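Spelled out, the chains give:
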Amino acid sequence: MSTVELDRTVYALIADGKGILAADETPGTLTKRFEARAIASTPESRRAYREMLFATPDIGRFISGVIMQDETIHQKSASGEPLAYLLENQGVIPGIKVDTGVTSLAGLPGETITEGLDDLRERLVNYRSMGARFAKWRAVIRIDETIPTPACIKVNAHALARYAALCQEQGVVPIVEPEVLMEGHHNIERCEAVTGSVLHAVFNALVEQRVSLEGMLLKPNMVIPGKQSREQAVVERVASATLRCLRRHVPAAVPGIVFLSGGQDHIAATLHLNAINRLDRPKPWKLSFSFGRALQDEALRAWQGTNQNLQEAQTAFAHRAGCLSAATAGKYTGTMERQNAA
Ligand code: 13P
């Protein structure tokens, strides 16, 4: 498969002022988010929710790509076109989550490995024929007193590299997502140390398995204290720790880094991305977003399960996407937050 095509997709995904919408919650996860708002979860309500997001007028100004889930890529809009075509008509690149979720690692209590390699080549061929041009695989690393173990980091890095190599073979851009979870009592220093070790192992595995670093994107967590930590950190500290960690461990050949939001609220995630981009240090890669919750929470709250609220929901989604777009250039301000909201 030609690298020209991979390059074209990578650079379109990290175009100036744009980021990625992660709308790839499994039906089970989306059901939990719906239930928290008393919204019934059915294939049809999930389809309508995704269509609401994807059909937001002019969303292609701020969103370069959308990560879908297997159920969604098979669904159609109300007018009968596949949702992947709806995205393409908006100038947005369709993407697909291809891991099949996590399972516990035998012999390593509290740790997980992400699965989905067995028939991945065939699934990539199929998803590509349905329009997907990029993919995502999420490895999950949990911090506690005695974890992560080197073994957990190693097997997850190995699986991410196997996935990435298969994607590139099939002309699909891999988003490599090693997520160090925010849950826990750890402080920011521990998050930085663990994130650094994980990134080191991931890039070792990627290079060893001959993944083209130019033809991929990295989707990491920001370096942040654990949610239950008593030592919270100011925005500037998160920004400088995150950039320092990435500069130490992510080769300059990687064109872009698109953060996950990981459970931060939408304002915190926007402030952090903005502050990272404002730092006056060399940054060899584009730094943008691939958010799920922080991009969708306001829209889901406004939608409430009914298209009677379609316009309010789409306005909320476009507002957050616009604020995040500004944050990719370090130009987000509190005034913008209030003005756009009004
Ligand atoms: P969050 O931004 O909600 O963490 O979701 C991003 C994602 O794709 C997690 O895999």
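Residues numbered from 1 in each chain as written. Predicted model: local features only at pLDDT ≥ 70, side-chain atom pairs only at ≥ 80, totals over all residues. Heavy atoms only, no water.

*Asks:* When you look at the pattern of salt bridges in this model, what are you seeing that I'm missing?
*Replies:* Should the charged atoms of two oppositely charged side chains come close, the side chains can pair. Under the criterion given, the structure shown has 19 salt bridges. Between Arg 47 and Glu 44 there is a salt bridge; the shortest N-O distance is 2.8 Å. Taken as a pair, Arg 47 and Glu 44 lie in helix α3 (residues 43-54) at a separation of three residues, close to a single helical turn. On the basis of relative accessibility, which here comes to 13%, the residue Arg 47 falls in the buried class. Salt-bridge contacts for Glu 179 lead to Arg 138; the nearest nitrogen and oxygen are separated by 2.6 Å. (Salt bridge = Lys/Arg side-chain N within 4 Å of Asp/Glu carboxyl O. Helix = DSSP H or I, 4+ residues; strand = E, 2+ residues; numbered from the N terminus. Buried < 20%, exposed > 50% of the residue type's maximum accessible area, 1.4 Å probe, protein only.)

*Asks:* Is there a simple way to think about empty space enclosed by the protein in this case?
*Replies:* The gaps of empty space that remain are located by a probe, the size of a water molecule, rolled over the atoms. All told, the structure shown has four cavities of 30 Å³ or more when counted by the stated rule. Here the largest cavity defines a volume of roughly 60 Å³. What lines the largest cavity is simply Glu 179, Val 180, Leu 181, Met 182, Asn 221, Met 222, Ile 224, Leu 260, Ser 261, Gly 262 and Gln 264. Counted as a void, the second largest cavity has a volume near 50 Å³. The wall of the second largest cavity is formed by Glu 25, Leu 30, Arg 33, Tyr 49, Arg 293, Gln 296, Asp 297 and Leu 300. (1 Å grid on protein atoms, 1.4 Å probe; cavity = no way out; pocket = protein on both sides within 12 Å on 5 of 7 lines; lining within 4 Å. Points joined across faces, edges and corners; volume = space filled by probe spheres on them.)

*Asks:* Looking at this model, I keep getting lost on helix α7 (residues 150-169). Mind explaining?
*Replies:* An α-helical turn contains 3.6 residues, so any two residues separated by three or four positions project in the same direction. When the terminal C-alpha atoms of α7 are compared, their 29 Å separation across 20 residues agrees well with the 28 Å that a helix rising 1.5 Å per residue should span. Taken together, the buried positions of α7 are occupied by Cys 152, Ile 153, Asn 156, Ala 157, Ala 159, Leu 160, Ala 161, Tyr 163, Ala 164, Leu 166, Cys 167 and Gln 168. Check the buried side of α7 and you find it contacts α1 (3-13), β5 (112-114), α6 (120-129), β6 (134-141), β7 (173-180) and α8 (188-208). Looking one or two residues beyond α7, the residue adopting positive phi is Gly 171, at roughly 75°. (Expected span 1.5 Å × (residues − 1). Contact = heavy atoms within 4.5 Å.)

*Asks:* It is not clear to me how the sheet that holds strand β1 (residues 19-22) should be interpreted in this structure. Could you clarify?
*Replies:* Sheet strands pair via backbone hydrogen bonds, and the direction of the pair is either parallel or antiparallel. Here we have eight strands rolled up into a closed barrel, ordered β1-β2-β3-β6-β7-β8-β9-β10, and parallel in their pairing. α7 contacts β6 and β7 of the sheet and is inclined by roughly 175° relative to β6. Sheet strands in contact with helix α10 (residues 266-278) are β9 (256-259) and β10 (286-291), and its direction is about 170° off that of β10. (Pairing = 2+ DSSP bridges. Axes fitted to C-alpha atoms, helices over the stretch in contact; angles between N-to-C directions.)

*Asks:* Sorry, what's going on with the site of the ligand here?
*Replies:* Near the ligand, the surroundings consist of 13 residues, among which Lys 136, Lys 219, Ser 261, Gly 262 and Arg 293 are the closest. Residue Lys 136 places a side-chain N or O atom 2.5 Å away from an oxygen atom belonging to the ligand. Measuring from an oxygen atom of the ligand, one finds a side-chain N or O atom of Lys 219 at 2.6 Å. When contributions to the shell around the ligand are tallied by element, the ones reaching two or more residues are β6 and β10. (Near = heavy atom within 4 Å. Polar contact = N/O pair within 3.5 Å; in protein donor to acceptor, adjacent residues only side chain to side chain.)

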